[in-house]
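These are the residues of each chain, in order.
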Amino acid sequence: MVYKSQAPGKLIIAGEHAVVYGYPALAAAVSLRSLVQLRPRKDRKQIFKSNIHDTKLLKLTVDTTFQFLKKTPTSGFSLVVKSDIPEGSGMGSSASIAAASTLTLLQFLKTKPDKEFLNKIVYEIEKEVHGTPSGLDNTTVVYGGVLAFKKKGENFRFNQLKSTSAVLAKFILVQSGKPRESTADMITNVALNVSENFHILKEIGRITSLFIQNTKRGVFEPELIRENQRLLEKLGVVGERAKSIVHSIEEIGGVAKVCGAGGIKKGSGILLTYHPQIEKIKTLAQKNKWNYFSVKLGVKGAQ
Ligand code: PMV
């Protein structure tokens, strides 16, 4: 018997960092995936293989899941991960791998894979990996779709937005380079200056609320992406390379923003970019040799 599961990646359309402090965020599950296969073994060994991340994440996932279930299997197993989500670039690779791996473990231990329970386990793993995350990454990859999300203490409030496809179908993702810093480092950097930057987080919250209201009505205001990016720059989470890419895109009439924790020492991860004539961004990316790609937004969650 082989147990198979998969989970999508995610991207944050608006509200990163501010979401850690209880402000709203808008995020979408995207059509990059982690595929996981669990094969029981005759001996008691646990074998881990992954094409991205080291296998620490898989060991952590196994330990956390068994702690939640309060049981361990009597036989060993091999857990093999294949993921096409860029690692450490703001696309939820760790949450996706943790969600798909946990699902195979739940099947293996004959436990009903309930989404709420799965989300709790993956949030616990995310806390080990990222320090004090908001829970947005795990919730988005577990439930899928396009989510308006808010953290309320240790709980999450979210709803899946309907009929958003026309508004969100037009983004191109540009890689500004893998950040040197981890998500945990970036969350800590923001936390260190939180009292003087609180007005920035509040403003990100305001813009994100507008973005969510617009999206619900099928309206898209590119200007909000530009404003969100400026606030992230002020918050100190955007590096020079990303700023220069954003600037070039704005010069040709487009908008772009970081869509994750960001990074300042080198790359800032994936940038969400938009232009009313999207070909213009593709041409600019080719000219500058930027790595770019598109994904489908609002895909199914972990299954
Ligand atoms: O870079 P990512 O994909 O881990 O996204 C982090 C988003 C933050 O808002 C910075 C942190 C969080 O947990 O919401």
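See the structure printed just above.
In what follows, the accompanying structure is described. (Residues numbered from 1 in each chain as written. Predicted model: local features only at pLDDT ≥ 70, side-chain atom pairs only at ≥ 80, totals over all residues. Heavy atoms only, no water.)

1. Some points on the sheet that holds strand S8 (residues 255-258)
Judged by pairing direction, the sheet is antiparallel, and its 4 strands sit side by side in the order S8-S9-S7-S10 without closing on themselves. Two strands close off the open sheet at either side, each with one partner strand: S8 and strand S10 (291-293). Adjacent strand axes in the sheet meet at a mean angle of 25° when their direction is disregarded. Direction of pairing for strand S7 (residues 172-175) relative to strand S9 (residues 270-274): antiparallel, over a ladder of 4 bridges. In the strand pairing of S9, Val174 is matched with Leu271. Helix H8 (residues 222-235) contacts S8 and S9 of the sheet and is inclined by roughly 40° relative to S8. Strands S7, S8 and S9 of the sheet are contacted by helix H9 (residues 240-251), whose axis makes an angle of about 10° with S9. (Pairing = 2+ DSSP bridges. Helix = DSSP H or I, 4+ residues; strand = E, 2+ residues; numbered from the N terminus. Axes fitted to C-alpha atoms, helices over the stretch in contact; angles between N-to-C directions. Contact = heavy atoms within 4.5 Å.)

2. A word on the packing of aromatic side chains
All chains considered together, the criterion is met by 14 aromatic pairs. Seen from their ring centres, Tyr21 and Phe198 are 6.1 Å apart, and the 80° between their planes marks the pair as edge-to-face. With Tyr21 in the loop between strand S1 (3-14) and strand S2 (25-40) and Phe198 in helix H7 (residues 194-216), the pair connects residues that are 177 residues apart, well separated along the chain. Ring centres of Tyr23 and Phe198 lie 6.3 Å apart, and the angle between their planes is 55°; this geometry places the pair in the tilted category. Separated by 175 residues along the polypeptide, Tyr23 in the loop between S1 and S2 and Phe198 in helix H7 bring together distant segments of the chain. (Phe/Tyr/Trp six-rings, centres within 6.5 Å; stacked < 30°, edge-to-face > 60°.)

3. A word on the site of the ligand
Among the 16 residues in the neighbourhood of the ligand, the closest are listed as Lys10, His17, Ser134, Thr183 and Ala261. The separation between an oxygen atom of the ligand and a polar side-chain atom of Lys10 is 2.4 Å. At a separation of 3.0 Å, an oxygen atom of the ligand approaches a polar side-chain atom of Thr183. Alone, the ligand offers 380 Å² of accessible surface; in the complex the protein occludes 96% of this. Grouping the amino acids of the shell around the ligand by side-chain chemistry returns 7 nonpolar, 6 polar and 3 charged. (Near = heavy atom within 4 Å. Polar contact = N/O pair within 3.5 Å; in protein donor to acceptor, adjacent residues only side chain to side chain. Areas by Shrake-Rupley, 256 points an atom, 1.4 Å probe, with all protein chains shown as cover. Nonpolar A, V, L, I, M, F, W, Y, C, P; charged D, E, K, R; others polar.)

Just geometry here; none of it tells us what the structure is for.
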